[in-house]
Amino acid sequence: MGFFTSRLDDVVGWARQYSIFQYPFVTACCGMEYMATACAHYDVDRFGAGLPRFSPRQADVLFVVGTISQKIAPVLVNVYQQMCAPKWVVAFGVCTCTGGFYDNYATVRGIDHVIPVDVYIPGCPPRPETVLQGLMMLQEKIRKQRQEV
Ligand code: SF4
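Asker: Looking at this model, I keep getting lost on the pattern of salt bridges. Mind explaining?
Answerer: Opposite charge on two side chains lets them pair, provided their charged atoms get close. Across all of its chains, the model carries six salt bridges by this definition. Here Arg 7 and Asp 10 are joined by a salt bridge, their closest N and O atoms 2.8 Å apart. Of this pair, Arg 7 and Asp 10 both sit in helix α1 (residues 2–17), three residues apart, which is roughly one turn of that helix. We classify Asp 10 as partly exposed; its relative accessible area is 38%. Of the charged contacts, one joins Arg 127 and Glu 33 as a salt bridge, the two residues approaching to 3.4 Å between their closest N and O atoms. Of the two residues, Arg 127 is situated in the loop between β4 (119–121) and α5 (128–144) and Glu 33 in helix α2 (residues 30–38); the sequence distance between them amounts to 94 residues. Overall, the relative accessible area of 46% leaves Arg 127 in the partly exposed class. Under the relative-accessibility criterion, Glu 33 is labelled buried at 15%. Salt bridges linked by common partners bring Glu 33, Arg 127 and Glu 129 together as one network.

So, in structure tokens, the structure goes:
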């Protein structure tokens, strides 16, 4: 039985890593680099992540792209809570990871203060190659984790 369940985990993990339905939560200039990565030259479709969803209820990976202000943070939490499990979060760009150079009362100093984060992608903005590296790290994490079926 142990052998069977661990093999099933492998198969489900393999399938999930190549069927990423992302929800882009875009607030600022990093969005330009997000779009550049999604277009043909870098082709995220190769990684099974080419179809963004426009409802969080249909998505399993939340891409948080850009500065998150204290005012919009409750909206981000609400979006995250609408996603069904299993779900993952990518912090895209230094503003999302740490607040970046917006060292003021209005900016969330890293989205991990309000929602859990699986992968941090640094840069201002991150180069598409860095984004793809982050995406591959997420795929590996998805594949290796214990799968809920
Ligand atoms: S990390 Fe740089 S490019 Fe991205 S949202 Fe912040 S200031 Fe804009």
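Now that the structure has been shown, we can carry on.
Asker: Sorry if this is basic, but what is going on with the site of the ligand here?
Answerer: Lining the immediate environment of the ligand, one finds Ala 28, Cys 29, Cys 30, Gly 66, Thr 67, Val 94, Cys 95, Phe 101, Gly 123, Cys 124 and Pro 125. Its residues placed into classes, the shell around the ligand shows eight nonpolar, three polar and no charged.

Asker: What's the story with the nonpolar core in this structure? I'm lost.
Answerer: For soluble globular proteins, nonpolar side chains are generally found buried alongside one another. Residues Ile 20, Val 61, Phe 63, Val 90, Phe 92, Leu 135 and Leu 138 are the most contacted members of the largest nonpolar core, which totals 20 residues. Put simply, the parts of the chain that give this core at least two residues each are α2, β2 (61–65), β3 (88–92), β4 and α5. Broken down by element, this core gets its largest block of residues, five residues, from α5. For Phe 63, the contacting residues outside a window of four places in its chain are Gln 22, Tyr 23, Pro 24, Phe 25, Tyr 34, Val 90, Phe 92 and Leu 135. The next biggest cluster of nonpolar side chains, apart from the first, holds 18 residues, and it includes Tyr 23, Val 64, Ile 68 and Cys 97.

Cut-offs used in this document
Residues numbered from 1 in each chain as written. Predicted model: local features only at pLDDT ≥ 70, side-chain atom pairs only at ≥ 80, totals over all residues. Heavy atoms only, no water. Salt bridge = Lys/Arg side-chain N within 4 Å of Asp/Glu carboxyl O. Helix = DSSP H or I, 4+ residues; strand = E, 2+ residues; numbered from the N terminus. Buried < 20%, exposed > 50% of the residue type's maximum accessible area, 1.4 Å probe, protein only. Near = heavy atom within 4 Å. Nonpolar A, V, L, I, M, F, W, Y, C, P; charged D, E, K, R; others polar. Core = buried A, V, L, I, M, F, W, Y, C linked by side-chain atoms within 4.5 Å. Contact = heavy atoms within 4.5 Å.

Limitation: the analysis is restricted to geometry and does not speak to function.
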